[in-house]
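Here are the chains, one letter per residue:
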Amino acid sequence: MTTHLVITSVLLPLLTGVGLLLLRQQPPLLQRGVSIGSVFIQVILACQLLALVNQGDILTYALGNWPVPFGIVLVADRLAIWMLLITALIALFSLLYALLDVDKAGRHFHVLFQLQLFGLNGAFLTGDLFNLFVFFEILLIASYSLLLHGGGRLRTKAGLHFVVINLVGSTLFLFAVGMLYGILGTLNMADLALKVTAMPAEHVPLIKVAGLMLFGVFALKAALIPLYLWLPNAYAQTSAPVAALFAIMTKVGAYSILRVYTLIFGAQAGLAANLIEPWLLPLALLTLVIGMLGVIASTGLRQQAAYLVIASVGTLLTAIGLNTQAGIVAGLYYLPHSTFAAAACFLLANTIAVRRGEFIDRFESGPPIPHARLIGGLFFVTAVLLAGLPPLSGFIGKFMILKAALAHLQLVWIMGIVLTTSLLALIALARSGSLLFYKVQTVQGQAGSAIPAPITREVLPIAGLLALCVVLVAWAGPVTGFLQLTAEQLLEPSFYIQAVMTLEKTP
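Throughout this document, residue positions are counted from 1 along each chain, in the order its sequence is written. Given that this is a predicted model, residues contribute local features only at a pLDDT of at least 70 and side-chain atom pairs are listed and counted only at 80 or more, while totals for whole chains, interfaces and linings are drawn from all residues. Side-chain numbers here rest on the full set of heavy atoms in the structure, without hydrogens or water.

Which residues make up the overall build of the protein chain, and what values do they have?
The helix count covers DSSP runs of H or I at least four residues long, the strand count covers runs of E at least two residues long, and both are numbered beginning at the N terminus. A tally of helices and strands in the protein chain yields 20 helices and 2 strands. Both definitions apply: the radius of gyration is a C-alpha atom measure, and the globule rule equals 2.2 Å times residues to the power 0.38. Its C-alpha atoms give the protein chain a radius of gyration of 22 Å, within 12% of the compact-globule value 23 Å for 507 residues. Counting only C-alpha atoms and orienting by the principal axes, one finds that the protein chain spans roughly 75 × 60 × 40 Å. Buried, partly exposed and exposed residues are distinguished by accessible area as a fraction of the type maximum, computed with a 1.4 Å probe on protein chains only: under 20%, between the cut-offs, and over 50%, respectively. Here the protein chain holds 507 residues, and the buried ones make up 59% of them. Taking the intrachain contacts of the protein chain between residues at least 6 apart in sequence as the baseline, contacts between residues at least 24 apart amount to 79%. Only heavy atoms enter the contact rule, under which two residues are in contact if any of them lie within 4.5 Å.

Spelled out as structure tokens, the structure:
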């Protein structure tokens, strides 16, 4: 039965989405119950799988019992399940916030939400490059529909940019996949790793071109510079719970970079070894700088949160770009922290906006916010997390990244950029908090106190996401221990390859 847990993690959100379509004529309460119940079960499944892979096992599942490398295979190793757990947790709190009536703004919100999880879970678990493309397309369709949920001119404009740019990325993905298949005759990632290592010299230039095209696609998904321009408006204009869920979307690109360029184009890849090493670190540092400049220049909290996502991608890929075990451990620790903190910021921005009348979340002196102490306290904790101040997880993550960079040739650049951007984040967030909570004025007819909002129900999902960051601090020892083993597994691809290539048929 443990083998079937892998396929269950992919099928559950898909079947839930189909079931919700069949329940579309039923009372909304039933649809909500089914949706939140499914996400809660996904959290439990991810925890069970985490316990299994923590023993060192790599779980595999051959769909249709087709032999490798001809059939589709799902692979659950430590990295995949780490991503699966982060996705399930952020989905749980995002959906809880959506139940405040955001889900009623348009049709089929819960169906699309489950299909988004189907695409995310499939992308993390697939062991086949073409099916990674398929799950990317599922993500694109579901995310585009979720982004437009509720309608509006600005939302539609942002959605159009989002889908056009991502369709270009999908086209490049197909070209790269077709090139690899034409040369190597396989798209199973474990089999690709074997064949790239043994490829003849005359095929190396084309293989490198295909590998760099894939890097371009993954960089687009991750919002790496210069392919980040689609993200700020898309994340700032969509609804709060959708933006919170989208906080994991850029991490799909980062995951793909880490998976493909340690497994297929890693140190063992012969003439194509370490293919993106010259590119990744400089682009990551530049992304961090540009993202933080956007944070400083933002005119509203939702826009600022979107640029903080870009800056977090730069920080995460800086860690991965170190191309060391310590760097990967630091990046994988920073990944959930940045995802949970950014998601909390999006939800908090909406909670503030609905209480400021026509001032919404703009950084302007406006009316006093009802429940200012409670909401301000949550903003303070979120700002500490996002700025990377001690003693919370943002500080630990950045400290681990800087420690991992001590032996790197570009230490001065890494240290200077990470520390400077952290200071800029602190200044920008302090300014934002001051304008939103302290520099208030009485504006006739604009006081937000007339809004009968259920503050407790709004606060709980935000507090839950912040509590997850506290858990990362309290359990930093066990978490980093798990991530050490994860990095070892990634940097020794033979474990993954052996688990897939010796896969037996599912009973």
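So, the pairing of strand E1 (residues 59-62): which residues are in play, and what are the values?
Here E1 shows two buried faces, one formed by Leu59 and Tyr61 and the other by Thr60 and Ala62. When DSSP finds two or more bridges between a pair of strands, those strands are recorded as paired. Sheet topology note: the E1/strand E2 (residues 73-76) ladder contains 4 bridges and is antiparallel. Bridge assignment links Tyr61 to a residue of E2, and that residue is Leu74.

Before we move on, could you go through the confidence of the model for the protein chain and cite the residues and values that matter?
The quantity called pLDDT is the predictor's confidence in a given residue, expressed from 0 to 100. Summing up the model confidence of the protein chain, the mean pLDDT is 90 and the portion of residues at 70 or higher is 96%. Low pLDDT, under 50, characterises residues 445-453; the stretch is placed with 13 contacts to residues that sit more than four places away or in other chains.

Describe empty space enclosed by the protein, listing the residues and the values that go with them.
Lining residues are those with an atom within 4 Å of a point, where the points come from a 1 Å grid over the protein atoms alone and group into cavities, where a 1.4 Å probe fits but cannot get out, or pockets, open sets with protein on both sides within 12 Å along at least five of seven lines. Grid points are joined across faces, edges and corners, and a volume is the space filled by probe spheres set on the points. In total, this model carries 6 cavities of 30 Å³ or more according to the counting rule given. A volume near 160 Å³ is recorded for the largest cavity. Looking at the largest cavity, it is lined by 15 residues, and the ones nearest its centre are Tyr261, Ile276, Leu280, Ile320 and Asn323. Elements represented by at least two residues in the lining of the largest cavity include exactly helix H11 (249-263), helix H12 (277-297) and helix H13 (301-321). The leading source of residues in the lining of the largest cavity is H11, at 4 residues.

Which residues make up the side chain of Lys398, and what values go with them?
Structurally, Lys398 is set in helix H16 (residues 393-404). For the charge count, each Lys or Arg is scored as positive and each Asp or Glu as negative, with His and the chain ends excluded. When a carboxyl oxygen of Asp or Glu is within 4 Å of a side-chain nitrogen of Lys or Arg, the pair counts as a salt bridge. Within the buried set, Lys398 has no salt-bridge partner at all; the shortest N-O distance to an opposite charge, 21 Å, is to Asp361. Beyond its immediate stretch of four places on either side in the chain, Lys398 contacts Tyr334, Leu386, Ala387, Gly388, Val418 and Ser422.

Give me unusual backbone geometry: which residues, what numbers.
In this structure, the amide linkage connecting Val68 to the following residue, Pro69, adopts the cis form with an omega of 10°. You can see Pro69 is positioned in the loop between E1 and E2. At the junction of Pro390 and Pro391, the peptide bond is cis and its omega measures out at 10° in the coordinates. Position of Pro391 relative to the elements: it lies in the loop between helix H15 (372-387) and H16. Despite not being glycine, Asn65 has its phi angle at roughly 55°, a positive value. The residue Asn65 is located in the loop between E1 and E2 in this model.

I'd like a rundown of a nonpolar patch on the surface, residues and numbers included.
Patches here are clusters of residues that have more than 30% relative accessible area and form no salt bridge, with a 9 Å joining cutoff for like charges and a 5 Å cutoff for nonpolar side chains (Val, Leu, Ile, Met, Phe, Trp, Tyr). Using a 1.4 Å probe, the Shrake-Rupley method yields the accessible areas, and only the shown protein chains count as cover for residues. A cluster of nonpolar residues, Phe130, Leu160, Val164, Val168, Leu172, Leu174 and Phe175, forms a patch on the protein surface that exposes about 610 Å² of accessible area. Looking at which element gives the most residues to the nonpolar patch, the answer is helix H6 (residues 153-184), with 6 residues. With respect to the helices and strands, Phe130 occurs in helix H5 (residues 129-147). You can call Phe130 partly exposed: its relative accessible area is 34%.

Hey, could you go over the nonpolar core for me, with residue numbers and the actual values?
Throughout, nonpolar core names a set of buried Ala, Val, Leu, Ile, Met, Phe, Trp, Tyr and Cys residues whose side chains join them through atoms within 4.5 Å. Residues Leu129, Phe173, Phe218, Tyr235, Tyr261 and Leu317 are the most contacted members of the largest nonpolar core, which totals 195 residues. It is helix H14 (residues 325-353) that provides the largest number of residues to this core, a total of 18 residues.

Explain the packing of H13 against helix H17 (residues 411-438) residue by residue, including any values.
Two elements in contact, H13 and H17, have axes whose closest approach is 12 Å; the angle formed by their N-to-C orientations is 165°. Classified by the angle their axes make, H13 and H17 are roughly antiparallel. The element H13 and its partner H17 pack so that their crossing is left-handed. Across the interface between the two elements, Leu301, Gln304, Leu308 and Thr318 of H13 pack against Ile414, Ala428, Leu429, Ser432 and Leu436 of H17. Under this grouping Gly is polar, as are all residues other than the nonpolar Ala, Val, Leu, Ile, Met, Phe, Trp, Tyr, Cys and Pro and the charged Asp, Glu, Lys and Arg. Considered class by class, the residues forming the contact of H13 with H17 number 6 nonpolar, 3 polar and no charged. Lines fitted to C-alpha atoms define the axes here, with helix axes fitted over just the stretch in contact, and angles between the N-to-C directions of these axes take values from 0 to 180 degrees. In what follows, roughly perpendicular refers to angles from 65 to 115 degrees, roughly parallel to angles under 35, roughly antiparallel to angles over 145, and oblique to any angle outside these ranges. Crossing handedness: left-handed means the near helix sits turned counterclockwise from the far one by under a right angle, and right-handed means the same turn made clockwise.

Provide a residue-level description of the pattern of salt bridges, including the pertinent values.
Pairs may arise between side chains of opposite charge once their charged atoms sit close together. The final tally for this structure, using the stated rule, is 8 salt bridges. One salt bridge in this structure joins Asp103 and Arg32, with 2.8 Å as the shortest N-O distance. Of this pair, Asp103 sits in the loop between helix H3 (78-98) and helix H4 (109-125) while Arg32 sits in helix H2 (residues 28-53), placing them 71 residues apart in sequence. Both residues of the pair, Asp103 and Arg32, belong to the buried class. Within this structure, Arg32, Asp101, Asp103 and Lys104 form a network of salt bridges that share partners.

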